[in-house]
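# Descriptive structure summary
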Amino acid sequence: MDTKILDGTQAAAVNEAAELLKMGQLVAFPTETVYGLGAYALNKEAVRGIYQAKGRPSDNPLIVHICQKEQLTDLISELPPLAETLMEKFWPGPLTLIFPKGEQVPAEITGGLDTVAVRMPNHPVALALLEACALPIAAPSANRSGKPSPTLAAHVLHDLNGRIAAVVDGGAAEVGLESTVLDITQTVPVILRPGGITKEQLEEVVGQVELATPHGDKKETPRAPGMKYTHYAPEAPVIICQAQDLEKELQEKINSFTGKLGLMLSNETLAKLKIPKTATVVDLGSQNNLANIAANLFAALRTLDEAEVEIIYTEAFPHTQIGSAVMNRLSKAAGVEEKEVIK
Ligand code: AMP
Ligand code: MG
């Protein structure tokens, strides 16, 4: 299959993408978080295609994307008390809400759970596409399972060229990290995955919000099933440095490493290091602009992959605001428990 590249700024191209979705084809499209791999959510065959194209485990449920609240009627069985307030404040935007699922929603979407995840993306191309097809669209991140999520159409093509019908190009994803997943079927809402909307922002609107504790036992059923799998992992091992004496520790590591070195650091840290010319260096931006660090993170991991580095040294960022989502993704990329790298 040839994967078509469609220009998201052209109405005719967006309509063509909508027609492909209506026919049950797979179409990747830009959102404000990362690029999603879309399929018509109520078409089981189409949804199975997503798992196949990504190589995604079938018990990792998908987020359904909508452009109007009215579309919820076909997807959920009940509107939890906090839903209206949260949708009013954060939709369209990077907040996924977990609802009790409606009868029509296939088990392929929910990984067999009795809940369904839904969000309204805040991106003009995503919204235009959802309006043009007038269907709920299931869309996980448009990467091969386990790899960093795509923030550019080129990343999607790198992973899925020939496996999907089309990709709609809409430039760089602004947030750069996936949505926050919030379970509102509980009395106190629980963040299952930190993301584009912070705990602080949610608490301002609905009061107390809990953060799901990472499960220790792999056999136990996690509340966000997808989070138990390896995620965001480049080929090279990722080491997160968080010593008090960060620059000294990093400099020692850099000096003693003899292979192909990759660095992914803030510009403040980079400025203090002596870096060999042979190293591949990605500047994540300023420590004082965590949103910018978030936006650059996945592309940085992919750049270092392309350079075929043998190790990646990076640094810990504060667990405040979007920093907690950054540290969640970095810890997963490094394959370590988040609590081991709290700054
Ligand atoms: P991705 O589509 O790659 O952004 O991943 C979707 C995330 O949403 C995964 O971590 C899933 O585990 C989570 N998710 C989707 N549906 C549900 C659900 N019904 N209950 C809990 N978590 C969900
Ligand atoms: Mg994903």
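Note that this is a predicted model, so its numbers are computed, not measured. (Residues numbered from 1 in each chain as written. Chains lettered and ligands numbered in written order. Predicted model: local features only at pLDDT ≥ 70, side-chain atom pairs only at ≥ 80, totals over all residues. Heavy atoms only, no water.)

## Describing the nonpolar core
- Grouped together as the largest cluster of nonpolar side chains are 67 residues, with contacts concentrated most on W91 and F99.
- Counting 30 residues, the second largest nonpolar core, distinct from the first, contains V34, Y232, A294 and F317. (Core = buried A, V, L, I, M, F, W, Y, C linked by side-chain atoms within 4.5 Å. Buried < 20%, exposed > 50% of the residue type's maximum accessible area, 1.4 Å probe, protein only.)

## Considerations on the sheet that holds strand 9 (residues 180-183)
- Judged by pairing direction, the sheet is mixed, and its 11 strands sit side by side in the order 1-8-2-3-7-4-6-5-9-10-11 without closing on themselves. One side of each edge strand has no neighbouring strand; the edge strands of this open sheet are strand 1 (4-7) and strand 11 (210-211).
- Alignment of strand 2 (residues 27-29) against strand 3 (residues 36-40), held across 3 bridges, turns out to be antiparallel. The residue of strand 3 that forms the bridge with V27 is G38. (Pairing = 2+ DSSP bridges. Helix = DSSP H or I, 4+ residues; strand = E, 2+ residues; numbered from the N terminus.)

## Some points on helix 8 (residues 246-256)
- Every buried residue of helix 8 is accounted for by L246, L250, Q251 and I254. Projected down its long axis, helix 8 carries its buried residues within an arc of 120°, all on one side. Along helix 8, the residues that are exposed and aim more than 90 degrees away from the buried face are K248, N255 and S256.
- At its buried positions, helix 8 is contacted by strand 12 (238-241), strand 13 (261-265), helix 9 (267-271) and strand 15 (311-315). (Arc of directions from axis to C-beta. Contact = heavy atoms within 4.5 Å.)

## A short note on the sheet that holds strand 15
- If you walk across this open sheet you meet the 4 strands as 12-15-13-14, and the pairing is parallel. Of all strands in the sheet, those bounded by a partner on one side alone are strand 12 and strand 14 (280-283). Here the strands of the sheet are splayed against their neighbours by 20° on average, with no regard to which way each runs.
- Inspection of the sheet shows strand 13 paired to strand 15 by 4 bridges, in the parallel sense. Across the sheet, the residue bridging to L263 is Y313, located in strand 15.
- Sitting on the sheet, helix 8 touches strand 12, strand 13 and strand 15, and the angle it makes with strand 12 is about 150°. (Axes fitted to C-alpha atoms, helices over the stretch in contact; angles between N-to-C directions.)

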